[in-house]
Amino acid sequence: QVQLVESGGGLVQAGGSLRLSCADSGRTFRRYAMGWFRQAPGKEREFVAAISWSGGSTHYADSVKGRFIISRDNAKKTVYLQMNSLKPEDTAVYYCAADPGSTAILTTEDEYHYWGQGTQVTVSS
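These figures come from a predicted structure and were not determined experimentally.

Colleague: Could you give an account of the pairing of strand β7 (residues 68–73), with specific residues and numbers?
Modeller: Here β7 shows a clear split, with Phe68, Ile70 and Arg72 buried on one side and none of Ile69, Ser71 and Asp73 buried on the other. As paired strands, β7 and strand β8 (residues 78–83) are joined by 6 bridges and run antiparallel to one another. Bridge pairing in β8 places Ser71 opposite Tyr80. Between β7 and β8, which follow one another and run antiparallel, lie 4 residues, and Lys77 among them has a positive phi close to 55°.

Given below as structure tokens:
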């Protein structure tokens, strides 16, 4: 059973930083491809960042490249999203997602089987 729980969201001023965490209760977390997506009000959910099961490969949306960093600690069964230089347009509900058994970088919603409940990030101008 995979259960993903996000935390770390909140309200921050533009230019500030937040670190999101996504903890998994599964037994084979180290074999999961993981990703972060976000959904702003009135918009579709969009890809933010992804990391391979080993942590050796990462991929970012152009809108966050150079500002966000995805990482994982397999011993703690947790994936992180460090968000720096935040902008008001980063305001959204952020979701983590997992696909057990995949060794690839996954960048589309359809590729992920498990999702967290989401955490709100609000960036004020």
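Colleague: Can you explain the packing of aromatic side chains? Please cite residues and give values.
Modeller: By the definition in use, this model includes 4 aromatic pairs. Taken together, a centroid distance of 6.2 Å and an interplanar angle of 65° make the contact between Tyr112 and Trp115 edge-to-face. Each member of the aromatic cluster is reached from another via a ring pair, and the members are Phe37, Phe47, Tyr112 and Trp115. Over the face of the ring belonging to Trp115 we find Arg45, whose NZ or CZ atom lies 3.9 Å from the ring centre.

Colleague: Help me get a handle on the state of the cysteines, residues and values and all.
Modeller: A complete count under the given rule lists 1 disulfide for this structure. Note on cysteine connectivity: Cys22 is disulfide-linked to Cys96, with sulfurs 1.9 Å apart. Handedness here is read from the sign of the S-S torsion; for Cys22 and Cys96, about 50°, the answer is right-handed. With a gap of 74 residues between them, Cys22 in strand β3 (residues 18–24) and Cys96 in strand β9 (residues 92–100) connect regions that are remote in the sequence. Since its relative accessible area comes to 0%, Cys96 is described here as buried.

Colleague: Pulling in residues and values, what's your account of the pattern of salt bridges?
Modeller: According to the stated counting rule, one finds 5 salt bridges in the structure shown. Of the charged contacts, one joins Asp90 and Arg38 as a salt bridge, the two residues approaching to 2.9 Å between their closest N and O atoms. Of this pair, Asp90 sits in the loop between β8 and β9 while Arg38 sits in strand β4 (residues 32–39); the two residues are 52 residues apart in sequence, bridging distant segments of the chain.

Colleague: Tell me about the pairing of β9, and please be specific about residues and values.
Modeller: For a regular strand, the rule is simple: side chains alternate between the two faces of the sheet. Among the 9 residues that make up β9, 7 are buried, leaving the element largely enclosed by the rest of the structure. The sheet contact formed by β4 and β9 spans 8 bridges and is antiparallel. The partner of Ala33 across the bridge, within β9, is Asp99. For β9 and strand β11 (residues 119–124), the ladder comprises 3 bridges, and the chain directions are antiparallel.

Colleague: Outline the environment of Asp24, listing residues and values.
Modeller: Summarising the element assignment, Asp24 is placed in strand β3. Note on Asp24: relative accessible area 6%, which makes it buried. Sequence separation between Asp24 and Ala40 is 16 residues; the distance between their C-alpha atoms is 24 Å.

Reading the values: the criteria
- Residues numbered from 1 in each chain as written.
- Predicted model: local features only at pLDDT ≥ 70, side-chain atom pairs only at ≥ 80, totals over all residues.
- Heavy atoms only, no water.
- Buried < 20%, exposed > 50% of the residue type's maximum accessible area, 1.4 Å probe, protein only.
- Helix = DSSP H or I, 4+ residues; strand = E, 2+ residues; numbered from the N terminus.
- Pairing = 2+ DSSP bridges.
- Phe/Tyr/Trp six-rings, centres within 6.5 Å; stacked < 30°, edge-to-face > 60°.
- Lys NZ or Arg CZ within 6 Å of the ring centre and 35° of its normal.
- Disulfide = S-S within 2.5 Å.
- Salt bridge = Lys/Arg side-chain N within 4 Å of Asp/Glu carboxyl O.

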